[in-house]
Amino acid sequence: MRESVRDVPGARIRYALRGEGPLLLLVAGGSHGVDAVEPLARHLADRYTVLTYDRRGLSGSTTDAPATTLATHADDVSRLLSALTPEPALVYGTSLGALISLELTVRHPEQVAAVVAHEPPVTPLLPEPTRALALGQLLAVEETFRAEGAASAMRRFTADLDIDPGDREPDLPVRAPGPAHSRDAEVLLTHDLPAIRAHVLDMTALKGSPARVVPAAGATSGHVWPHTCAALLAGALGTRLETFPGGHNGYLFRPRGTAERIRAVLGP
């Protein structure tokens with residue numbers, strides 16, 4: 001793995017590359033970055049040059065201007081890609097990372113060849129009362145953070161999304177939280193969850209993008225609203241919903257199976 005940093009307006013972004021082949025960008029969800037997605041990157045490095053990174057404010061990335069919109073995150077990614085390849089990239093994004101990936105596709109369509117969007121929280125697609133439930137859950141997590149702290153808020157967040165760390169590949173070791181775990185959670189809770197609630201994806205621009213957009217969802221997450229978002233996105237784009245192993249966080253707990261599905265969906 002080859003690590004480096006890149007200056008962007010208001011931040012320094014830590015990123016890592018491994019493997020050889022077409023560039024594949026992994027955009028993690030939650031408060032995760034390079035270290036959390038390393039098992040997935042390792043399983044993909046036999047076919048792709050895998051790019052992972054820490055969003056501004058997380059772990060190895062620093063900022064004096066935290067992102068208040070997903071457009072900022074998408075522009076950060078765009079600048080990374082511009083520095084690393086002249087060709088359109090392949091992208092896999094999950095949860096918040098899927099929403100950032102879709103925003104990248106809208107704002108910088110020339111930089112994306114294909115994007116797998118796993119359970120993106122595109123709340124405007126949801127019908128009522130599901131949309132109100134989803135936005136209410138996000139707001140309740142933010143309120144729990146302000147009242148009880150990051151640990152309580154993240155427990156509520158994982159419960160709402162029915163994230164089960166026990167649903168994992170048997171040979172995958174349990175990953176201990178790193179030293180930046182609490183601070184990274186605070187960045188998510190302070191800045192990114194409000195940005196998700198406020199975000200409106202430009203569906204007209206997405207439909208007009210030259211990129212191939214592949215909505216995806218977990219095999220065991222059909223009862224949570226981000227799965228519904230992915231299914232509705234597939235319907236809006238007139239394409240099928242691809243099924244991936246595990247639940248909402250399958251990319252963390254089932255990296256081998258997720259890598260196999262990414263290869264199958266994206267091809268060589």
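Just above, that's the structure.
These lines cover the structure that appears in this document, whether it is placed above or below. Throughout this document, residue positions are counted from 1 along each chain, in the order its sequence is written. Only residues with pLDDT of 70 or above have their local features reported here, since the model is predicted, and side-chain atom pairs are shown and tallied only from 80 upward, although totals for entire chains, interfaces and linings are computed over all residues. Excluding hydrogens and water, the side-chain values take into account all heavy atoms of the structure.

**Re the pattern of salt bridges**
Step number 1: Note on definitions: salt bridges are taken to be side-chain nitrogens of Lys or Arg within 4 Å of carboxyl oxygens of Asp or Glu. In this structure the tally under the stated criterion is 17 salt bridges.
Step number 2: Ionic pairing is found between arginine 256 and glutamate 169, a salt bridge with its closest N-O pair at 3.8 Å. Highlighted residues: arginine 256 in helix H10 (residues 255-266) and glutamate 169 in the loop between helix H5 (150-160) and helix H6 (181-198), separated in sequence by 87 residues.
Step number 3: Judged by relative accessible area, which is 8%, glutamate 169 ranks as buried.
Step number 4: We note a salt bridge from aspartate 171 to arginine 256, for which the minimum N-O separation is 2.7 Å. Of the two residues, aspartate 171 sits in the loop between H5 and H6 while arginine 256 sits in helix H10, which places them 85 residues apart along the sequence.
Step number 5: The rule is simple: take the accessible area with a 1.4 Å probe, protein chains only, and divide by the maximum for that residue type; under 20% is buried, over 50% is exposed, in between is partly exposed. The exposure class assigned to arginine 256 is partly exposed, which follows from its relative accessible area of 33%.
Step number 6: Within the structure, one salt-bridge network assembled from shared partners comprises Glu3, Arg14, Asp35 and Asp54. Helix numbering and strand numbering both begin at the N terminus, where a helix is a DSSP run of H or I of at least 4 residues and a strand a DSSP run of E of at least 2.

**A look at the nonpolar core**
Step number 1: Membership of the largest hydrophobic core comes to 77 residues, with the highest contact counts inside it found for Leu24, Leu25, Leu44, Tyr53, Tyr92 and Leu102.
Step number 2: Counting residues per element, this core draws most heavily on helix H3 (residues 96-107), at 7 residues.
Step number 3: A contact between two residues is defined here by any heavy atoms of the two lying within 4.5 Å. Leave out the neighbours within four places in its chain, and leucine 25 touches Leu51, Tyr53, Val77, Leu81, Leu90, Val91, Tyr92 and Leu104. We call a set of buried Ala, Val, Leu, Ile, Met, Phe, Trp, Tyr and Cys residues a nonpolar core when their side-chain atoms join them within 4.5 Å.

**A look at H3**
Step number 1: A helix is expected to span 1.5 Å multiplied by its residue count minus one. Here H3 spans 16 Å end to end across 12 residues, near enough to the 16 Å set by a 1.5 Å rise per residue.
Step number 2: The element H3 is extensively covered by neighbouring structure, given that 11 of its 12 residues are classed as buried.
Step number 3: Among all positions in H3, only Leu96, Gly97, Ala98, Leu99, Ile100, Ser101, Leu102, Glu103, Leu104, Thr105 and Val106 are buried.

**A short note on unusual backbone geometry**
Where the residue is not glycine, phi is negative for most of them; where a peptide bond is considered, it is trans in most cases.
Step number 1: Note that the residue after glutamate 128, namely proline 129, is joined by a cis bond; omega there is 5 degrees.
Step number 2: For proline 129, the position within the fold is in the loop between strand E7 (112-118) and helix H4 (130-148).
Step number 3: The backbone of serine 59 shows a phi angle near 45 degrees, a positive value even though the residue is not glycine.
Step number 4: Despite not being glycine, serine 95 shows a phi value in the positive range, around 55 degrees.
Step number 5: Inspection of the secondary structure assignment puts serine 95 in the loop between strand E6 (89-94) and H3.

**Considering the packing of helix H2 (residues 70-84) against H3**
Step number 1: At a closest axis distance of 8 Å, the pairing of H2 and H3 adopts a crossing angle of 70 degrees. The angle between H2 and H3 falls in the class roughly perpendicular. Here the hand of the crossing between H2 and H3 comes out right-handed. Between H2, through Leu70, Ala71, His73, Ala74, Asp75, Val77, Ser78 and Leu81, and H3, the contact on the second element is made entirely by Leu96, Leu99, Ile100, Glu103, Leu104 and Arg107.
Step number 2: Across the contact of H2 with H3, the residue classes tally to 9 nonpolar, 2 polar and 3 charged. Lines fitted to the C-alpha atoms define the axes, with helices restricted to the stretch that makes contact. Angles between their N-to-C directions range from 0 to 180 degrees. Any angle that falls under 35 degrees is termed roughly parallel, while one over 145 is termed roughly antiparallel, one within 65 to 115 roughly perpendicular, and all others oblique. Rotating anticlockwise by less than a right angle from the far helix to the near helix defines a left-handed crossing, while the corresponding clockwise rotation defines a right-handed one. Charged means Asp, Glu, Lys or Arg here, nonpolar means Ala, Val, Leu, Ile, Met, Phe, Trp, Tyr, Cys or Pro, and polar covers whatever is left, Gly included.

**Points about the packing of aromatic side chains**
Step number 1: Between rings of Phe, Tyr and Trp, where Trp is taken as its six-membered ring, a pair exists when centres lie within 6.5 Å; planes separated by under 30 degrees are stacked, by over 60 edge-to-face, and by other angles tilted. According to the stated counting rule, one finds 1 aromatic pair in the structure shown.
Step number 2: Centre to centre, the rings of tyrosine 92 and phenylalanine 244 are 6.1 Å apart; their planes meet at 25 degrees, and the pair counts as stacked. Note that tyrosine 92 is positioned in strand E6 and phenylalanine 244 in strand E9 (residues 242-244), a separation of 152 residues in sequence. Side by side, tyrosine 92 and phenylalanine 244 carry an identical accessibility label, which is buried.
Step number 3: In this structure, arginine 261 is placed above the aromatic ring of phenylalanine 244, and the distance from its NZ or CZ to the ring centre is 5.4 Å. A ring is considered to have a charge above it if a Lys NZ or an Arg CZ atom is located within 6 Å of its centre and within 35 degrees of its normal.

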